[in-house]
Amino acid sequence: MVSDCFPNSDIADGHQWLERLKKFRHRWCSLWLRDQFTAGMLTTQASESCNAQVRLFLKPRHDLDLFFIHFSSLLADKRRKETESDYNAKQSIPYIMLENSPILQHAAKIFTPKIFEKIQKQYLVAESYIIKKLSDNRDDGMIGYLIYMMEDSERSDERVVLVDISTTTLVCECRMFRTLGVLCRHMIKVMRLLGDFGEASMRSIPDHYILKRWTLEAREREVFDVDGSVGPSAPSENDAGKGIAMRYRETTAMLNQLAMNMSMADEKDYNKWMGVLKKVCNEANKALSKTITSEDRRSVPITGLTLKEKSNPRSHGKERYKSTNEKERRRKKREYRKRMKSIVVVTADDTAHSDGHLSDLDDNIAQWL
């Protein structure tokens, strides 16, 4: 910028300002943040998301007591949603667009649905890229590949990927993995090429490119309190439900696996292990019921993952919704009652006249109904 904007100028202030600004380039230029893990979040995105969630539960008029009560509700709501997402992710299989791809099959088993969608998107975009092996020899033993896309007879998104097959290490110029923790399309393109040529280590995602925070097992790790004790075994007073929730998830995961294996077994083995399971469950419930008090059950209730039933939006909480035909029939009945009230009560002398009048009313009733 200095050479282009001030080629023959003696103004020193502009040069000094640019030089001074360059010293702080790591604060404002994303190019210098490629080596920092940001999970794809913008500078203020975390703060704005947190503020939006807090506004749903907290108000400026709340005192200190209400603050802690509503803040506890906020944490409970976030944990409930996280538990539901974790349950749905483990009980469902994401849609794989290319079923014959070993990389996508491996990713679908270990990553969460959101992260798998990002990896699958990068995988599909890599289809249109061209790969070319570089002929230069490096001292470190890594092999270089040039990845680029052709647009209007010109190269675009051109990157160099270095590969060390012995250690299954890949380094890309875009540094997407260092920033987002997700494999980029350039690295996937190289892995597909090497996997097609018989490199078994490249037919699945290497372990050092699998961040535990993006996997389905991310929540199964131990959580430590500020005093160093493990969360499930020593829940604190302010967070009494954390240990129960984690133990509930571990027990549910184990029982779900057992249920799936028993459902696929033959009738003889199923009846055998079902009897054993009933016996163990009865003994466990009897033993645990003696240690769990009614106060403990009320303090931290465990609710299922059932969704609330949606009410009819047209009922407004007053009465059930009525169709047009039903409304029309009720309207005719009301009009008929009004007509009946307007009829003068006949006397005994007008018996004959009244009988004829009633017969006419019967015809009118049949027409209305």
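Residues numbered from 1 in each chain as written. Predicted model: local features only at pLDDT ≥ 70, side-chain atom pairs only at ≥ 80, totals over all residues. Heavy atoms only, no water.

## Notes on the pattern of salt bridges
Pairs can form between side chains of opposite charge once their charged atoms are near each other. Just so we agree on the cut-off: Between Lys or Arg on one side and Asp or Glu on the other, a salt bridge is scored when a side-chain nitrogen of the former is within 4 Å of a carboxyl oxygen of the latter. Numbering of helices and strands starts at the N terminus; helices are DSSP runs of H or I of at least 4 residues and strands are runs of E of at least 2. Relative accessibility thresholds used throughout: buried, under 20% of the residue-type maximum; exposed, over 50%; partly exposed, between the two (1.4 Å probe, protein chains only).
According to the stated counting rule, one finds 10 salt bridges in the structure shown. One salt bridge in this structure joins Glu84 and Arg80, with 2.9 Å as the shortest N-O distance. Placement of both Glu84 and Arg80 in helix H5 (residues 64-91) is noted, with a separation of 4 residues, approximately one turn of the helix. By relative accessible area, Arg80 is classed as partly exposed at 38%. Salt bridges sharing partners connect three or more residues here, namely Asp77, Arg80, Lys81 and Glu84.

## A look at the packing of aromatic side chains
Two aromatic rings are characterised by how far apart their centres lie and by the angle between their planes. Filter applied, for reference: Classification of ring pairs uses Phe, Tyr and Trp, with its six-membered ring standing for Trp, and accepts pairs whose centres are within 6.5 Å; under 30 degrees between planes counts as stacked, over 60 as edge-to-face, and the remaining range as tilted. By definition here, charges over rings are those cases where NZ of Lys or CZ of Arg is within 6 Å of the ring centre and within 35 degrees of the ring normal.
Scanning the entire structure with this criterion turns up 3 aromatic pairs. Considering the side-chain rings of Phe67 and Phe71, the 5.9 Å spacing of their centres and the 15° angle between planes classify their relative orientation as stacked. In this pair, Phe67 and Phe71 are both assigned in helix H5, 4 residues apart and thus about one turn of the helix distant. Note on Phe177 and Tyr209: the rings are 5.0 Å apart at their centroids and 75° apart in plane angle, and the pair reads as edge-to-face. Linking Phe177 in helix H8 (residues 176-180) with Tyr209 in the loop between helix H9 (185-196) and helix H10 (240-263), this pair joins segments that are 32 residues apart in sequence. When the ring centre of Tyr148 is taken as reference, the NZ or CZ atom of Arg155 above it lies at 4.2 Å. Looking at Arg213, its charged tip hangs above the ring of Trp214, at a distance of 5.3 Å from the centre.

## Brief notes about the pairing of strand E2 (residues 143-151)
Heads up, the condition is: Think of it this way: DSSP has to see at least two bridges between two strands before they count as a pair.
Note: strand E1 (residues 130-133) against E2, 4 bridges, orientation antiparallel. When the bridges of E2 are listed, Ile131 appears paired with Ile147. Examined bridge by bridge, E2 and strand E3 (residues 154-164) share 8 bridges and lie antiparallel to one another. Bridged to Met149 within E3 is Ser156. Taking the residues that link successive antiparallel strands as the turn, the E2-E3 hairpin has 2 residues, and the phi of Asp152 there is positive, at about 55°.

## Examining the packing of helix H7 (residues 113-125) against H9
Going by this rule: Axis angles are defined between N-to-C directions and span 0 to 180 degrees, where every axis is a line fitted to C-alpha atoms and, for a helix, only to the segment in contact. Angle categories are assigned with fixed cut-offs, so that under 35 degrees is roughly parallel, over 145 is roughly antiparallel, 65 to 115 is roughly perpendicular, and the rest are oblique. Here a crossing is called left-handed whenever its near helix is offset anticlockwise from the far helix by less than a right angle, and right-handed whenever the offset is clockwise. Any two residues whose heavy atoms approach within 4.5 Å at even a single point are treated as in contact. Note that Gly is not counted as nonpolar here; it falls among the polar residues with everything else outside the nonpolar set of Ala, Val, Leu, Ile, Met, Phe, Trp, Tyr, Cys and Pro and the charged set of Asp, Glu, Lys and Arg.
Remark: H7 packs on H9, axes separated minimally by 8 Å, with the N-to-C direction vectors making an angle of 65°. One way to sum up the angle between H7 and H9 is to call them roughly perpendicular. Both H7 and H9 take part in a crossing whose hand is right-handed. Note on element contacts: H9 touches H7 through Arg185, Ile188 and Arg192, opposite Ile119, Gln122, Tyr123 and Val125. In the contact of H7 with H9, the residues fall into 4 nonpolar, 1 polar and 2 charged.

## Remarks on the UniProt feature "domain: SWIM-type" (unreviewed entry) in the protein
Applicable threshold: UniProt positions are given in the numbering used here, feature names are shortened, and annotations may be inferred rather than shown by experiment.
The positions that UniProt labels "domain: SWIM-type" (unreviewed entry) are, in the present scheme, residues 161-195. Within the segment residues 161-195, helix and strand shares are 46% and 23% respectively, and the terminal C-alpha atoms sit 15 Å apart.

## Digging into the nonpolar core
Applied cut-off: The nonpolar core is taken to be a set of buried Ala, Val, Leu, Ile, Met, Phe, Trp, Tyr and Cys residues, with the residues joined through side-chain atoms within 4.5 Å.
Core analysis: the biggest nonpolar cluster contains 34 residues, and Phe111, Ile119, Val163, Leu170, Leu183, Val190 and Ile205 have the highest contact counts within it. Counting residues per element, the ones that place at least two in this core are helix H6 (102-110), H7, E2, E3, strand E4 (169-172), H8 and H9. The element that contributes the greatest number of residues to this core is H9, accounting for 5 residues.

## Considerations on a nonpolar patch on the surface
Applicable threshold: Patch membership needs two things, relative accessible area over 30% and no salt bridge, and members are linked within 9 Å if like-charged or within 5 Å if nonpolar (Val, Leu, Ile, Met, Phe, Trp, Tyr). Each accessible area is a Shrake-Rupley estimate made with a 1.4 Å probe; only the visible protein chains count as cover when residues are assessed.
Together, Leu64, Phe67, Phe68, Phe71 and Leu75 give the surface a local cluster of nonpolar side chains, amounting to about 460 Å² of exposed area. Assignment of secondary structure puts Leu75 in helix H5. Leu75 gets classed as partly exposed once you look at its relative accessible area, which sits at 33%.

## Points about unusual backbone geometry
Its identity as a non-glycine residue notwithstanding, Asp157 has a phi of 50°, on the positive side. Looking at the secondary structure, you find Asp157 in strand E3. The exposure class of Asp157 is partly exposed, given its relative accessible area of 22%.

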